[in-house]
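Residue-level structural notes
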Amino acid sequence: MKNLTIVGAQWGDEGKGKIVDHLCGKFDVVLRFQGGHNAGHTIVIKDKKFILSILPSGLIRNKLCVIGSSVVIDPFHFLNEINLLKKKRIIVTKENLRISNNASILLPFHSLIDQIRENKLSKKKIGTTGRGIGPCYEDKIARRGLKIYDLEDINHLKNRLKNLINFHNIFLKSVSKKIISFNEILKSLVSIRKKILPFSEDVSELLNSKKFSNKKFLFEGAQGLMLDVDHGTFPFVTSSNTIPASAAISLGVKPSKIGNILGIVKAYTTRVGEGPFPTELRSGQGLELAKKGNEFGSVTGRPRRCGWFDAVQCKKAINIAGIDSLALTK
């Protein structure tokens, strides 16, 4: 089997985690290429239930997993998920997990900013999860955000962090009584840096090395194609590129390395947050479908918007993503 890239062909929550878990035994490396801890993968194995938001689900099958540079990483949530897996007797070390040293760091104040902005939008909300994904990506594009490698030198970290906090406090002073404490954030980052850095690596160099020349890669996307920041239902989209082409960019490998592209769909359609949804069931049928399909957000806990299968939307997703085949999960 060639390398494979798995993406959701709808608005996310298509059951990608189940397919990744089912297929990863045929691959050597599982690679996460975008998004943050706003994406939930739920996997049930016998009597154990695993809900992962940032860690690649291949860890459950003891595969080498890699997180790419286009992923935004909340280091505190990252360590929390590692501890949750440890309680279920899955030990995560640098032997089975690597994270790109130039992946962006998501900090607690990103969530604060996200939530304040959503509240100010009132009836015009985007419908974000409030976990700070958008503000973190903004800092990345504006070239003021922190990278994993910034944790290596504390003096360098201080300077970068101070500039970042000074920028955001201008906004927070104008809309909120709460501002960011430099000392508090710095102290928390210093306390965990030695737990994060062992996983950090130039993953592009690693994956392009001779050691990996014959390895089979399974690339794992988050959200769905219609939430792509460029090709989705803008502005009601996520803040990253969910299309398969972004996998090569994130992991620093040539485009041909992503292999075949598998799109995941459900027999019906769901959507989290706001935005257009032509086939939405606004009656009690929608809520009934949510209950039967257990369609409740892993982050928000709220029932997802449910509707009929949208063939027009799915066809567009297939075209922009170059999908080779589809898999139906429900």
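Residues numbered from 1 in each chain as written. Predicted model: local features only at pLDDT ≥ 70, side-chain atom pairs only at ≥ 80, totals over all residues. Heavy atoms only, no water.

**Remarks on the sheet that holds strand E5 (residues 64-67)**
As a reminder, the rule being used: Being paired, for any two strands, means DSSP has found at least two bridges between them. Numbering of helices and strands runs from the N terminus, with a helix taken as a DSSP run of H or I at least four residues long and a strand as a DSSP run of E at least two residues long.
Spatially, the 8 strands line up as an open sheet ordered E9-E7-E5-E2-E10-E1-E11-E14, and their pairing is parallel. Two strands lie at the open edges of the sheet, namely strand E9 (200-201) and strand E14 (325-328), each paired on one side alone. Pairing geometry for strand E2 (residues 29-32) and E5, over 4 bridges, is parallel. Looking at the pairing, Leu31 lines up with Val66 of E5.

**Describing helix H4 (residues 133-141)**
The periodicity of an α-helix, 3.6 residues per turn, causes residues three or four positions apart to be oriented the same way. So the rule is basically this: Burial classes: relative accessible area under 20% of the type maximum marks a residue as buried, over 50% as exposed, and values in between as partly exposed (1.4 Å probe, protein chains only). Note on contacts: a residue pair qualifies if any of its non-hydrogen atoms lie within 4.5 Å across the two residues.
Those residues of H4 that sit buried are Ile133, Gly134, Pro135, Cys136, Tyr137 and Asp139. Where H4 is buried, its residues meet strand E6 (72-73), strand E8 (104-105), helix H3 (108-121) and helix H5 (154-175). Looking at the residues trailing H4, positive phi occurs at Arg143, about 65°.

**Section: unusual backbone geometry**
A cis amide bond links Phe234 with the next residue in sequence, Pro235, at an omega value of 5°. Looking at where Pro235 falls in the secondary structure, it is placed in the loop between strand E10 (217-220) and helix H8 (245-251). Unlike most non-glycine residues, Asp13 shows phi in positive territory, near 60°. When you line up the elements, Asp13 lands in the loop between strand E1 (4-8) and helix H1 (16-23). The class of Asp13 is partly exposed, set by a relative accessible area of 24%. You will see that Asn294, though not glycine, has its phi angle at about 55°, which is positive. Structurally, Asn294 is set in the loop between helix H9 (284-292) and strand E13 (305-308). We classify Asn294 as exposed; its relative accessible area is 53%.

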